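Given next are the chains, with one letter for each unit.
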2 protein chains.
Amino acid sequence: MRTHLAILLLGTFAMPVFSDEGMWLLNDPPRDRLKEKYGFDLTDAWLEHARLASVRFNNGGSGSFVSPNGLIITNHHIGADALQKLSTPERDLFRDGFAAKTQADELKCPDLELNVLQWIDDVTDQVNGAVKPEMKPAEAFAARRAKMSAIEKYSTEKTALRSDVVTLYQGGAYHLYRYTKYTDVRLVFAPEEKIAAFGGDVDNFEFPRFNLDISFFRAYVDGKPAQVRHWFKFSAEGAKEGDLVFVTGHPGTTNRLETMEKLKHRRDITLPYTLARLRAMEAALIQYGERAPENKRQATTDLHRVANSRKAFSGQYQGLLDPKVLDMKAQVDNQLLPQIVIITPGSEPYQKNYRDAVRRIADVQDVYATFEKPHNLLENGTAFPSTLFTFARHVVRLTSEADKPNGERLREYRDSNLESLKFELFSPAPIYPELERAKLQAGLTFLAEQLGGGDPLVLKVLNGKSPSQRVDELLASKLYDAAERKRLVEGGVKAIEASTDPMIVFARTIDPAARELRKRYETEVEEPERQAYGEIAKVRFALLGKSIPPDATFTLRLAYGVVQGYEAEGQKVPFATTFGGVYERAEKQKFKEPFELPKRWADGKAKLDLATPFDFVSTADTIGGNSGSPVLNRAGEFVGINFDRNRFGLVRNFVYTDVQARHISVHSRGILEALRKLYDVPGLVTELTGH
Amino acid sequence: MRTHLAILLLGTFAMPVFSDEGMWLLNDPPRDRLKEKYGFDLTDAWLEHARLASVRFNNGGSGSFVSPNGLIITNHHIGADALQKLSTPERDLFRDGFAAKTQADELKCPDLELNVLQWIDDVTDQVNGAVKPEMKPAEAFAARRAKMSAIEKYSTEKTALRSDVVTLYQGGAYHLYRYTKYTDVRLVFAPEEKIAAFGGDVDNFEFPRFNLDISFFRAYVDGKPAQVRHWFKFSAEGAKEGDLVFVTGHPGTTNRLETMEKLKHRRDITLPYTLARLRAMEAALIQYGERAPENKRQATTDLHRVANSRKAFSGQYQGLLDPKVLDMKAQVDNQLLPQIVIITPGSEPYQKNYRDAVRRIADVQDVYATFEKPHNLLENGTAFPSTLFTFARHVVRLTSEADKPNGERLREYRDSNLESLKFELFSPAPIYPELERAKLQAGLTFLAEQLGGGDPLVLKVLNGKSPSQRVDELLASKLYDAAERKRLVEGGVKAIEASTDPMIVFARTIDPAARELRKRYETEVEEPERQAYGEIAKVRFALLGKSIPPDATFTLRLAYGVVQGYEAEGQKVPFATTFGGVYERAEKQKFKEPFELPKRWADGKAKLDLATPFDFVSTADTIGGNSGSPVLNRAGEFVGINFDRNRFGLVRNFVYTDVQARHISVHSRGILEALRKLYDVPGLVTELTGH
């Protein structure tokens, strides 16, 4: 790891051979690096094609068009939310899979929104220009928010495209992203959970892997399949060892440009809290699921999500406990920037600004530590992990925010976001009362554990009841019904004030305390950090230019790397697994859950070419949110679909390494082999391959 | 609940009808209450017989003799530790059960010690007499400890019996307990885990239940079955609805006599910490177990234990969040004692003492809060959940303590305890390196989560490594081998100082910090609490006598109650389940784990009388540690074996209620029916029934 960092450091000065680090902005792509290291010309046409064929799944993942008729491929675990919402006790699509015989059989998802990025504008000067030096943090925050909302509203009205101002470099730059939006999205195909998630939590973030982690959807416009000009040609051959590959997708969060003190704050406060919360929720979901098979069906996607987060955050936490990782980070902080400052003539003025900004960010952490738990619990709602509560809060806040000018509203209620918000809020997807009960009781209990049973906020929330009695009371709500939610939103503040619905009353009651915590966060943490990181970014850009891309923000990025294996525990790990391997692993694990094969796979072994590549790895730089990202070859063809990292890649939130860290993809040849031999979907295969 | 408390309060004054509350001392039994409420004469002979036929399992449970040839019955989950240690990858006795064909086939347990209580002496005056009013807490603690060790040593030397001074009423009384000890204990019979723990974590602490939670062992003396004069006759008929029943056993811990501030400290500090720890450990064990079938076998008893604790502590925590439970407790605190003080002529002097003691205990909680986490983590060792570490610490401490006078040693190294300690320390039971790794890594990670990655203690423990690297380093120890542990203990301090074994070096390195925390606990918490509770006990005894028994202390107690059902969620829950019920429940759960029946039971349904009672409930007052306790009828016959409480009984740590709270037992008729019809053990049946 140290060796590689040394190369990176040198590289930053002398520009020799770079590592494959980087989740690059599409408007600031690494053309020079690709040219130099791989002799690849990243043309505007290649980039535009990649951008317009890439799809964001608004529930937290990526995907891509793979036919001119709006066919989209993503992971099974990204389609899972829709699969679950389309399921009933009698028809479990998440577990058993689905294949539409004809387009007429494709199933409309209740609340899935997809975005395709059309345009990027740099609006940094406009956003920062709204903030005057003499402003106090609260004023600065308000002015900045008003400007962002105004830019978005103007853009939406002018272009009719979804328009989001994205904060980059933690406040060093602001870009306006405009998206085409699809809200009529239909399920085309999904395999069985047992092969999509073969190995379950055990094999999650491990390699070798054997997962057909795919699902297909189709975007519709005006009731007809969307006709798209940009889509990825499905490569029948797929990725080969040593290939240069590209990944386009929507990495969620990285923390590489955060200061050391911010990372230590994550290590000592944020992550321990997060892990405690996830473990409590995971235990509650496991217990709920074990009570009956139908419970397990209801809880399964929640459980997958929580277990996956727990494992990812555990990996992050282990990374921050590893002195080697912190050393790498310290080298970047202590040597890279200040050292350049020292050795670069004329850079002295930056030095003070940089040190001052670093100190201010450290101070912010001390302040945040004093109210981070209640802020997370009450305002971020981690104490109320209930769909009904989420709806109730939106209903209460939306009605009161709607009466304010656009620029003064809480960000999620700005005009340009209301359509997407209401699409979720009025979703007809099922809500399971007993699952709500289990989750909310776990949340209220966790609240008390974190703040203490005698804390005034806890007493207010519990209202003189035990957690279980309080949950009984709250779940007598009528918000299960989307029509009731609509009625309240349309009735405005008056309807909310008149409501005696227990969950509405609850959301109303705790709203002043929650808003107060949000206000503190905005003015004491968010705005000061943005200003300080803005200073750091100025130093960075002046000295290094944009040679280091911004941290991930769940917006479209381009990564690249090489398809190659690695060594672990003295063993060589080949770049790809085969279909033969899944049968071997299942047998070794005695076909016990989570290593049970679906019947179709157990029975169909003889039909398969067992040497077909199944999953493979590359060095490209990915993180959570990249799930479902297309993996492309030089020709821009689809050679695989990213679905995971190995455990060595779990520290990539903080530092990029490629000695052992890899992202993991399903191989396009494996996908075709499975669809052709095991699934009766000739139409889908023809649509993908043209024959 | 309130109604019942009112009766209790009145009862304490006027002695009318009592509830069945009470884990009574065998030397202070509730003769009057039994006479009055049930017309039962509790004779000395009945009590002596019950005492001498009751057995303590030193690993945390209860049992009883059920034949003159030293045959002992306990729960499967109490025998589990021995079953696990006797198992190998090829022969999984915990999962598959065991039946010795002849006595020669009975399997010797590697480190199981059983105790039978022979004698109780009140030594309160001696112990308290060692403490002079002018002593500072540290001196008082040392003087008290020295006196207790001296009493025990004298008793051991005089009687050759295991001798323990037991602290009762949190420091209000001290009794000397003398035990016969059995260390040659052999496994006779155990059923399959699937029927012993049918319903697993889902049904744990629930009723109706369907568990054959039993196992049989035999005590040996000089290589021959122990011949015992006192053993319980096995009732072929068993418990009937409405019967008065008795439970003798070793309840572990209750907190009913603790002050309100102590309970709030538990609610706000101790229990949230404990729950976080158990969830972290449970998650680690589940993940370890899922990696391979052999892993699951290794981890299974640890996992059962942790999951059971998590559920029990969760129930306690929910109880302390329930205003009704705290109200009941407040009524006892605020009305019972002070009100008596006020209304009883001549009691004024007690009033000040009582209030003063309550205040001192509250102050102690504030002090303890400042170092409770590091004390738990380092000194209690919750950060190092590793068998090797436990051994290393004992080896390091035992050698250094052995050089001190008996009265000055840490309590566990007093002369009278060394034989039992060495029996554990030199156990040949297997230790699994990969399981050690998983547990220790989880522990070190939890340590960092709790104290922060930059805490000096954490840095000292991790020694510049990541948790996983540090674990690799520590597990290169040679302490897996009992002979090596023996060699070090025999080599004394010199051998320890010369040792380069990484686990020994580690235990040595952190010992000063751990001892410092222990010292603080002893002088700032333990001794001040004992003195304050001693004052409260004086008030209590003076005004109420011993009408309220002391909190549980894992010593022999007598409880009594009535076999009866209850109502829950508007439904009547009958007092007993039947064999028919287990088949119905398994079918309803589609025979999915943890509701899978063993093959013997699935195949054997037709052989069974399905109306046979399986499990039943009574109002007797039990808690964890009572597992395996015999349930006796008026004639002192064995009519069942306690194995659990229902969830309403989880608040019994703090308050006794009998509206819905019940303890759960396997019915003696059910045991015989299963042994006769499903298990090929005619010898065992004959030994139990005489025919």
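1. A look at the overall build of chain A
Summing up its helical and strand segments, chain A has 25 helices and 21 strands in all. For 691 residues, the compact-globule estimate of 2.2 N^0.38 gives 26 Å, and the C-alpha radius of gyration of chain A, at 25 Å, lies within 12% of that figure. Along the three orthogonal principal directions, the C-alpha set of chain A runs to about 70 × 65 × 50 Å. Here chain A, with 691 residues, has 62% of them falling under the buried criterion. Long-range contacts, defined as pairs at least 24 residues apart, comprise 78% of the intrachain contacts of chain A with a sequence gap of at least 6. Taken as a whole, chain A presents about 26,300 Å² of accessible surface, with 53% of it coming from carbon and sulfur. Averaging the coordinates of the 94 positive side-chain charges in chain A and doing the same for the 94 negative ones gives two points 1 Å apart.

2. Describing the interface of chain B and chain A
Each partner contributes to the interface: chain B provides 36 residues, whereas chain A provides 36 residues. Approximately 3,100 Å² of surface area, both sides summed, lies buried where chain B meets chain A, with 54% of it carried by carbon and sulfur atoms. Linking chain B to chain A there are two salt bridges. Between E449 of chain A and R279 of chain B there is a salt bridge, with the nearest N and O atoms lying 2.8 Å from each other. Along the contact surface separating chain B from chain A lie 14 residue pairs in polar contact (both at pLDDT 80 or more). At the level of secondary structure, the elements contributing two or more residues to the side of chain B that touches chain A comprise α9 (200–203), α10 (260–290), α11 (293–321), α12 (323–343), α17 (433–451) and α19 (467–474) of chain B. Per-element tally for the side of chain B that touches chain A: the top contributor is α10 of chain B, with nine residues. Tallied by class, residues from the side of chain B that touches chain A come to 13 nonpolar, 11 polar and 12 charged.

3. Observations regarding the nonpolar core
Core analysis: the biggest nonpolar cluster contains 73 residues, and L212, F216, W601 and I671 of chain A have the highest contact counts within it. Contacts of F216 of chain A, omitting those with residues within four sequence positions, involve V66, L71, I72, I73, R186, L187, V188, F189, L675, L684 and L688 of chain A. Grouped together as the second largest cluster of nonpolar side chains are 71 residues, L212, L244, A568 and F643 of chain B included.

4. Regarding the packing of aromatic side chains
According to the stated counting rule, one finds 44 aromatic pairs over all chains in the structure shown. Their ring planes at 45° and their centres at 4.9 Å tell us that F40 of chain B and F246 of chain B sit as a pair that is tilted. Taken together, the residues span a long stretch of sequence, with F40 of chain B in the loop between α2 (31–38) and α3 (44–53) and F246 of chain B in strand β13 (residues 244–249) at a distance of 206 residues. F246 of chain B gets classed as buried once you look at its relative accessible area, which sits at 0%. On the basis of an interplanar angle of 20° and a centroid distance of 4.8 Å, the ring pair of F234 of chain B and F638 of chain B is categorised as stacked. Taken together, the residues span a long stretch of sequence, with F234 of chain B in the loop between β12 (224–225) and β13 and F638 of chain B in strand β20 (residues 638–645) at a distance of 404 residues. Here a set of aromatic residues connected by ring pairs shows up, and it is made of F40, W46 and F246 of chain A. We note R186 of chain A situated over the ring of Y220 of chain A; from NZ or CZ to the ring centre the distance is 3.7 Å. Its guanidinium or amino end placed over the ring of F541 of chain B, K546 of chain B lies 4.9 Å from that ring's centre, counting from NZ or CZ.

5. What about the pattern of salt bridges?
Taken as a whole and judged by the stated rule, the model has 124 salt bridges over all chains. The salt bridge involving R256 of chain B is made with E21 of chain B; its shortest N-O contact spans 3.0 Å. Taken as a pair, R256 of chain B in the loop between β13 and α10 and E21 of chain B in the loop between α1 (2–14) and β1 (24–25) lie far apart in primary sequence, 235 residues in all. As a salt-bridge pair, R518 of chain B and E379 of chain B come within 3.0 Å of each other at their nearest N and O atoms. Here R518 of chain B, found in helix α21 (residues 502–544), pairs with E379 of chain B, found in helix α14 (residues 372–379); they are 139 residues apart in sequence, far enough to count as distant. Salt bridges sharing partners connect three or more residues here, namely E379, R397, E401, K404, E412, D511, R515, R518 and E522 of chain A.

6. Thoughts on the sheet that holds strand β19 (residues 630–632) of chain B
All names here are of chain B. Reading across the sheet, the eight strands line up as β1-β14-β13-β19-β20-β21-β18-β17 and stay open at both edges, with antiparallel pairing between neighbours. With partners counted over all chains shown, the strands left at the sheet margins are β1 and β17 (576–578), one partner each. Pairing analysis gives three bridges linking β19 to β20, with the strands arranged antiparallel. What sits directly across from P630, in β20, is I641. Seen against the sheet, helix α24 (residues 668–677) touches β18 (613–618), β20 and β21 (663–667) and runs at an angle of roughly 40° to β21.

7. Here we look at the relation of the copies chain B and chain A
Placing chain B over chain A gives an RMSD of 0.0 Å and needs a rotation angle of 180°, together with 0.1 Å of translation along the axis. The transformation relating the two chain copies, once decomposed into turn and shift, fits a two-fold axis. Taken together, the interface assignments show that 100% of the residues at the interface of chain B recur at the interface of chain A, consistent with an identical surface on both copies.

8. Observations concerning helix α4 (residues 76–85) of chain B
α4 of chain B sits mainly inside the fold: eight of its 10 residues count as buried. When α4 of chain B is considered as a whole, its buried residues turn out to be H76, I78, G79, A80, D81, A82, L83 and Q84 of chain B.

9. Examining the pairing of strand β14 (residues 557–562) of chain A
Residue and element names in this part refer to chain A. A large share of β14 lies buried, amounting to six of its six residues. What you see with β14 is no split at all: R557, A559 and G561 on one side and L558, Y560 and V562 on the other are buried throughout. Strand direction decides the pairing type here: strand β1 (residues 24–25) and β14, joined by two bridges, are antiparallel. Each residue of the ladder has a partner; that of W24, found in β14, is L558.

10. Some thoughts on the side chain of K329 of chain B
All names here are of chain B. Examined against the element boundaries, K329 turns out to sit in helix α12. A distance of 2.9 Å separates the side chain of K329 from the backbone oxygen of R256, its partner in a polar contact. With sequence-adjacent residues up to four places away left out, K329 is seen in contact with R256, L257, E258, T259, M260, L263 and V655.

11. Regarding the sheet that holds strand β21 (residues 663–667) of chain A
All names here are of chain A. Taken in spatial order, the eight strands make up an open sheet running β1-β14-β13-β19-β20-β21-β18-β17, and their pairing is antiparallel. Of all the strands in the sheet, the pair left with one neighbour each is β1 and β17 (576–578). Helix α24 (residues 668–677) rests against β18 (613–618), β20 (638–645) and β21 of the sheet, and its axis sits at about 40° to β21.

12. Re the confidence of the model for chain A
Residues and elements named next belong to chain A. Mean pLDDT for chain A: 94, with 96% of residues reaching 70 or above. A low-confidence stretch, residues 1–16 (pLDDT under 50), is modelled with 28 contacts involving residues beyond four sequence positions or located in other chains. What the predictor reports for the complex is a pTM of 0.94 with an ipTM of 0.93.

13. With respect to unusual backbone geometry
Most peptide bonds adopt trans geometry, and most residues besides glycine take a negative phi value. Residue and element names in this part refer to chain A. Backbone torsion omega between F207 and P208 reads 5°, so that peptide bond is classified as cis. With respect to the secondary-structure elements, P208 resides in the loop between α9 (200–203) and β11 (215–221). We note that A160 has phi near 65°; this positive angle belongs to a residue other than glycine. Among the secondary structure elements, A160 is positioned in the loop between α7 (137–159) and β8 (162–168). You will see that Y169, though not glycine, has its phi angle at about 50°, which is positive. If you trace the backbone, Y169 turns up in the loop between β8 and β9 (173–182).

14. Some points on the pairing of strand β10 (residues 184–190) of chain A
Residue and element names in this part refer to chain A. Counting buried residues along β10, seven of its seven residues qualify, which places the element largely inside the surrounding structure. Across two bridges, the pairing between strand β5 (residues 98–99) and β10 is antiparallel. Looking at β10, one finds that A99 is bridged to F189. Both strand β6 (residues 107–108) and β10 contribute to a ladder of two bridges, which runs antiparallel. Opposite K108, over in β10, you have R186 as the bridge partner. Here β10 runs beside β11; their pairing, made up of five bridges, is antiparallel. Paired with D184 across the strands is Y220, a residue of β11.

15. Quick look at the packing of α10 of chain B against α17 of chain B
All names here are of chain B. Relative orientation of the contacting elements α10 and α17 amounts to 145°, with a least axis distance of 10 Å. In this structure, the crossing between α10 and α17 has a hand that is right-handed. Counting all contacts with α10, which are made through Y273, A276, R277, A280, M281, A284, L285 and Y288, the residues of α17 involved are E434, L435, A438, K439, A442, G443, F446 and Q450. Its residues assigned to classes, the contact of α10 with α17 comprises 11 nonpolar, two polar and three charged.

Definitions and limits used
Residues numbered from 1 in each chain as written. Chains lettered and ligands numbered in written order. Predicted model: local features only at pLDDT ≥ 70, side-chain atom pairs only at ≥ 80, totals over all residues. Heavy atoms only, no water. Helix = DSSP H or I, 4+ residues; strand = E, 2+ residues; numbered from the N terminus. Rg over C-alpha atoms; globule rule 2.2 N^0.38 Å. Buried < 20%, exposed > 50% of the residue type's maximum accessible area, 1.4 Å probe, protein only. Contact = heavy atoms within 4.5 Å. Areas by Shrake-Rupley, 256 points an atom, 1.4 Å probe, with all protein chains shown as cover. Lys, Arg positive; Asp, Glu negative; His and termini not counted. Charge placed at Lys NZ, Arg CZ, Asp CG, Glu CD. Buried area = accessible area lost by both parts, 1.4 Å probe. Salt bridge = Lys/Arg side-chain N within 4 Å of Asp/Glu carboxyl O. Polar contact = N/O pair within 3.5 Å; in protein donor to acceptor, adjacent residues only side chain to side chain. Nonpolar A, V, L, I, M, F, W, Y, C, P; charged D, E, K, R; others polar. Core = buried A, V, L, I, M, F, W, Y, C linked by side-chain atoms within 4.5 Å. Phe/Tyr/Trp six-rings, centres within 6.5 Å; stacked < 30°, edge-to-face > 60°. Lys NZ or Arg CZ within 6 Å of the ring centre and 35° of its normal. Pairing = 2+ DSSP bridges. Axes fitted to C-alpha atoms, helices over the stretch in contact; angles between N-to-C directions. Least-squares fit on C-alpha atoms with pLDDT ≥ 70 in both. pLDDT = per-residue confidence, 0-100. Left-handed = near helix turned anticlockwise from the far one by under 90°.

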